[in-house]
Amino acid sequence: MDLLANLALGFSVALTPTTLALAIAGCVLGTMIGALPGLGPSNGVAILIPLSFSFGLDATQALVLMTSVYYGAMYGGRISSILLNIPGDEPAMMTTLDGYPLAKQGRAGDALVLSGVASFVGALLATIGLMLLAPILARVAFLFGPAEYFALYLLAFCTLGGMGSNNQAKAAIAVCLGLGIAMIGVDSSTGMTRFTGGSLHLFDGVDFLVAIVGLFAVAEVFVFIESHGRDSAIGVTLEKIRIPVRDILATRITMLRATAIGFVAGLLPGAGASLGSFLAYMVEKSSAKDKSKFGKGDVRGIAAPEAGNNAAAGGALVPMLTLGVPGSGTTAVLLALLMTLNITPGPLLFTERPEVVWGLIASLLIANFVLLVLNVPMVKIFSRILQVPAAILLPGVTMVSFVGIYSLSGSHFDLLLMIGFGVLGYALRKLSIPAVPVILGILLGGHMEVSLRRAMVLSDGDWTYLFGSPIAIGLWIAAVLGFIAPLFLRSYLKAPAAHKDEA
Amino acid sequence: MSDRITGLIVSVLALAFFASASQLETPFFADPLGPSAFPMLISAVAFVSGCVMVLRPDAEPNWPALSTFVRLLIAVLVLVLYAYGLKPLGFLLPTALAAGAISYQIRPAVLASSLTGICLSVFLFVIFKYGLGLSLFALPRWLMATPA
């Protein structure tokens with residue numbers, strides 16, 4: 001049994017005291033980050049990456065720490081959704097629809113426990129799915145040549161743009177912006193510099209960590225400055241926590257169904273957790289016999305999106321680890337981490353560095369149980385974090401971002417660049433141009449160009465080579481569909497309006 | 001209107017990017033595609049998308065009032081000054097000032113934001129310096145007695 005041997009290897013890595021401590025620390029930190037309104041998995045992980053380097057962690061340890069933060073933030077995101085009606089990030093949005101109404105009926109504790117259990121079911125099953133599916137996909141990935149990789153990157157941009165935005169043109173602009181930024185610096189094939197404008201600082205290109213922290217964290221500060229005083233958070237009081245056994249049993253089928261849907265949505269390169277929680281909620285609502293309670297505090301409306309988004313978080317790790325194509329904003333940030341650690345994700349990762357992959361998987365299995373403990377019996381402690389006012393939190397986030405980026409290079413040029421990306425991120429947000437494709441473009445632009453150029457070298461400039469294999473053709477068709485289909489489906493797939501407080 | 005202007009800017013930038021890419025010299029040993037083909041492809045897609053944005057704009061976004069823009073501008077300015085000041089002035093002073101200023105932009109209360117700035121500055125310094133072991137200087141280097 002390959003799988004058991006691999007798992008044994010994984011647990012031998014994960015159960016070393018340092019790794020275990022890092023996984024637990026990551027879970028605690030992640031739950032806190034997720035619970036803070038305005039901080040979600042993507043910007044939480046983003047500001048922590050530069051700091052994790054200064055710890056001097058090795059690759060496995062850094063990856064375990066950051067993925068635990070990622071999982072933890074996915075769990076924690078529901079706390080502010082349910083108690084404040086403010087989603088920490090996009091995937092947590094669907095949880096506000098029924099979570100907040102239920103909390104207003106005085107059942108906040110039930111909603112938190114139920115969603116915690118749903119998160120656990122979704123995340124645990126998805127981690128097992130990751131364990132079973134990733135090695136298989138890694139074997140398929142050996143068949144990928146440059147033409148297939150080019151089509152795969154295109155597919156990621158098309159699905160991410162198509163699903164993640166309401167306007168195809170804006171999504172395409174975001175992708176092009178990212179790809180364009182990726183072109184800055186030394187061209188790897190010829191050694192010539194491109195688009196640097198003669199600036200020495202730009203010879204190495206734009207560091208993607210600078211871009212990520214700027215677009216996610218600094219932009220968030222500007223958004224908060226704009227919305228100051230207007231966050232009309234009518235908090236809900238949290239009574240004693242009990243386990244709502246009946247609700248948990250009643251939603252067991254819901255959780256399993258949502259897990260399956262979320263996992264598959266997470267697998268799609270570029271689609272990710274938002275789609276997972278959205279589809280899980282919509283399927284649950286349309287398949288329910290009695291729809292009248294949805295949006296007013298239906299327990300199924302809490303279990304489904306939470307199981308869905310946590311399952312998608314696990315699913316999104318599959319294409320990220322096996323193909324190097326992230327399935328969501330946060331996995332894009334994790335990919336940035338891998339690339340900075342000099343680990344190339346892809347099929348070779350599984351054969352050459354099995355201790356990294358399996359150590360990560362084993363740590364995630366452990367992390368899920370830690371998170372269950374943190375998020376069910378101890379949820380009350382974490383709900384206190386919501387009381388940290390934005391006027392203290394946001395300056396803190398800014399300063400952590402600055403010190404993190406400063407510790408990477410020690411130059412003020414990167415800091416200025418980061419502020420620039422923050423302003424850009426704010427403008428993009430205002431114009432509803434999605435920022436995640438920009439990040440993905442910066443991360444994958446170099447790889448995409450290299451695979452296109454390699455394909456052309458192999459075929460001596462013959463364009464038809466790009467459509468030369470069944471896998472490539474399939475990916476091209478999926479890419480076109482992924483970009484165009486949402487145009488027609490959009491009228492059917494409209495998110496229900498969030499619950500509004502009266503007065 | 002915002003969308004039309006943005007679309008126009010994107011289109012113009014795409015043209016500039018295209019022009020810049022076409023100027024790149026292709027060395028004789030280059031691959032069939034060369035260094036300029038992929039950037040040109042990107043700029044073509046960006047140009048078309050920019051035109052689509054000009055022709056079919058979405059509804060106008062909710063731009064904040066002028067006073068909010070001023071606050072945002074101040075915040076950006078504070079951050080830029082902070083970026084320049086971090087190295088020569090040491091960690092504590094610029095951080096306290098910048099954090100206090102950002103805090104004030106979010107909640108305009110002088111005493112609370114000054115306290116926030118000072119506490120955050122000291123708290124983060126202790127964590128970064130002694131928790132994470134980053135090499136930060138608390139005070140301007142010319143004040144520190146130890147010769148470098």
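Provided above is the structure to which this section pertains.
Parameters at a glance
Residues numbered from 1 in each chain as written. Chains lettered and ligands numbered in written order. Predicted model: local features only at pLDDT ≥ 70, side-chain atom pairs only at ≥ 80, totals over all residues. Heavy atoms only, no water. Helix = DSSP H or I, 4+ residues; strand = E, 2+ residues; numbered from the N terminus. Rg over C-alpha atoms; globule rule 2.2 N^0.38 Å. Buried < 20%, exposed > 50% of the residue type's maximum accessible area, 1.4 Å probe, protein only. Contact = heavy atoms within 4.5 Å. Areas by Shrake-Rupley, 256 points an atom, 1.4 Å probe, with all protein chains shown as cover. Buried area = accessible area lost by both parts, 1.4 Å probe. Salt bridge = Lys/Arg side-chain N within 4 Å of Asp/Glu carboxyl O. Polar contact = N/O pair within 3.5 Å; in protein donor to acceptor, adjacent residues only side chain to side chain. Nonpolar A, V, L, I, M, F, W, Y, C, P; charged D, E, K, R; others polar. Core = buried A, V, L, I, M, F, W, Y, C linked by side-chain atoms within 4.5 Å. Domains from an automatic or database assignment. Axes fitted to C-alpha atoms, helices over the stretch in contact; angles between N-to-C directions. Parallel < 35°, antiparallel > 145°, perpendicular 65-115°, else oblique. Phe/Tyr/Trp six-rings, centres within 6.5 Å; stacked < 30°, edge-to-face > 60°. Left-handed = near helix turned anticlockwise from the far one by under 90°.

Visitor: Which residues make up the overall build of chain A, and what values go with them?
Guide: Scanning chain A for helices and strands turns up 20 helices and two strands. Taking 23 Å as the expected radius of gyration for a compact globule of 503 residues, we find that chain A reaches 22 Å, a close match to that expectation. Referenced to the eigenvectors of the C-alpha coordinate spread, the extents of chain A come out at roughly 65 × 50 × 50 Å. Counting the 503 residues in chain A, one finds 63% classified as buried. Taking the intrachain contacts of chain A between residues at least 6 apart in sequence as the baseline, contacts between residues at least 24 apart amount to 81%. Within the structure as shown, chain A displays about 18000 Å² of accessible surface, and the carbon and sulfur contribution to it stands at 67%.

Visitor: I'd like a description of the interface of chain A and chain B, backed by residues and values.
Guide: Taken together, the contact between chain A and chain B spans 60 residues of the former and 61 residues of the latter. Interface of chain A and chain B: buried area, both sides summed, is about 5200 Å²; carbon and sulfur atoms make up 81% of it. On the chain A side of the interface with chain B, the three residues burying the most area are A:Phe195, A:Ile225 and A:Met399, jointly 13% of the side's total. At the junction of chain A and chain B, the tally comes to two salt bridges. When the shortest N-O distance is used, the salt bridge between A:Lys170 and B:Asp3 registers 2.9 Å. The interface formed by chain A and chain B contains eight residue pairs in polar contact (both at pLDDT 80 or more). Where the side of chain A that touches chain B is concerned, the elements lending two or more residues are helix H3 (41–54), helix H7 (168–182), strand S2 (193–194), helix H8 (208–226), helix H17 (390–409), helix H18 (412–430) and helix H19 (436–459) of chain A. Here the side of chain A that touches chain B takes 13 residues from H17(A), the largest share from any one element. Counted by class, the side of chain A that touches chain B contains 39 nonpolar, 14 polar and seven charged residues.

Visitor: Mind laying out the nonpolar core, listing which residues take part and the relevant values?
Guide: The biggest cluster of nonpolar side chains holds 198 residues, and the ones touching the most others in it are A:Tyr70, A:Met255, B:Phe91 and B:Phe128. Examining the composition of this core, we find that 19 residues originate from one element, helix H5 (residues 93–141) of chain A, more than from any other. Counting residues domain by domain, this core receives three or more from each of domain 1 (2–55) and domain 2 (66–131) of chain B. The contacts of B:Phe91, once residues within four sequence positions are left out, are A:Val403, B:Tyr82, B:Leu86, B:Ser121, B:Leu124, B:Phe125, B:Phe128, B:Leu136, B:Phe137 and B:Ala138. Membership of the second largest hydrophobic core comes to six residues, among which are A:Met94, A:Leu97, A:Tyr281 and A:Ala288.

Visitor: Any details on the pattern of salt bridges? Residues and values, ideally.
Guide: A side chain with one charge may pair with a side chain of the opposite charge, provided their charged atoms come close. All names here are of chain A. Within this structure, the stated rule accounts for 13 salt bridges over all chains. A salt bridge links Arg-194 to Glu-449; its shortest N-O distance comes to 2.8 Å. A residue pair is termed long-range when its members are at least 10 positions apart, and Arg-194 in strand S2 and Glu-449 in helix H19 qualify at 255 residues. Of the two residues, Arg-194 and Glu-449, neither departs from the other in class, the shared state being buried. Connected via shared salt-bridge partners are Asp-187, Arg-194, Glu-449 and Arg-453.

Visitor: Which residues make up the environment of A:Gln387, and what are the values?
Guide: For A:Gln387, the location among the structural elements is in the loop between helix H16 (379–383) and H17. C-alpha of A:Gln387 to C-alpha of A:Asn309: the two residues are 78 residues apart in sequence and 25 Å apart in space.

Visitor: So what's going on with the environment of B:Thr116? Residues and values would help.
Guide: By secondary structure assignment, the location of B:Thr116 is in helix H5 (residues 110–131). Sequence separation between B:Thr116 and B:Thr95 is 21 residues, and the spatial gap between their C-alpha atoms is 11 Å. For B:Thr116, the contacting residues outside a window of four places in its chain are A:Ala391, A:Ile392, B:Ser103 and B:Arg107.

Visitor: Help me get a handle on the packing of helix H1 (residues 2–14) of chain A against helix H15 (residues 354–375) of chain A, residues and values and all.
Guide: Helix packing for two helices is described by the angle between their axes and how far apart those axes are. Residues and elements named next belong to chain A. Two elements in contact, H1 and H15, have axes separated by 7 Å at closest approach and are oriented at 75 degrees. Taken as axis vectors, H1 and H15 run roughly perpendicular relative to one another. Of H15, the residues touching H1 (which contributes Leu-3, Asn-6, Leu-7, Leu-9, Gly-10, Phe-11, Val-13 and Ala-14) are Pro-354, Glu-355, Trp-358, Gly-359, Ala-362, Ser-363, Leu-365 and Ile-366.

Visitor: Pulling in residues and values, what's your account of the packing of aromatic side chains?
Guide: Scanning the model with the defined rule gives 14 aromatic pairs over all chains in all. Ring geometry for A:Phe467 versus A:Trp476: centroids 4.8 Å apart, planes at 50 degrees, classification tilted. Relative accessible area serves as the criterion here: at 41%, A:Phe467 is assigned to the partly exposed category. Seen from their ring centres, B:Phe91 and B:Phe125 are 5.7 Å apart, and the 35 degrees between their planes marks the pair as tilted. With a gap of 34 residues between them, B:Phe91 in the loop between helix H3 (66–89) and helix H4 (92–106) and B:Phe125 in helix H5 connect regions that are remote in the sequence. The two residues B:Phe91 and B:Phe125 agree in class, both being buried.

Visitor: Can you explain unusual backbone geometry? Please cite residues and give values.
Guide: Residues and elements named next belong to chain A. Located in the positive-phi region is Asn-342, a residue other than glycine, with phi close to 65 degrees. Along the chain, Asn-342 falls in the loop between helix H13 (329–340) and helix H14 (347–352). The class for Asn-342 is exposed, based on a relative accessible area of 70%. The phi dihedral of Ser-432 falls on the positive side, at around 45 degrees, and the residue is not glycine. Relative to the helices and strands, Ser-432 is located in the loop between H18 and H19. Residue classification places Ser-432 among the partly exposed residues on the basis of a relative accessible area of 46%.

Visitor: Could you give an account of the side chain of A:Lys170, with specific residues and numbers?
Guide: Along the chain, the position of A:Lys170 falls in helix H7. Looking at A:Lys170, its side chain comes within polar contact range of the side chain of B:Asp58, at 3.0 Å. Those residues in contact with A:Lys170 that lie beyond four places of it in its chain are A:Ser165, A:Leu431, A:Ser432, A:Ile433, A:Pro434, B:Asp3, B:Met53 and B:Asp58.

Visitor: Tell me about the packing of helix H2 (residues 17–35) of chain A against H15(A), and please be specific about residues and values.
Guide: Residue and element names in this part refer to chain A. Contact geometry for H2 and H15: axes closest at 9 Å, N-to-C directions at 45 degrees. By the angle between their directions, the pair H2 and H15 is classed as oblique. Where H2 crosses over H15, the two elements pack in a sense that is right-handed. Two secondary-structure elements touch here, H2 through Thr-19, Leu-20, Ile-24, Cys-27, Val-28 and Thr-31 and H15 through Ser-363, Ile-366, Ala-367, Val-370, Leu-371, Leu-374 and Asn-375. Counted by class, the contact of H2 with H15 contains nine nonpolar, four polar and no charged residues.

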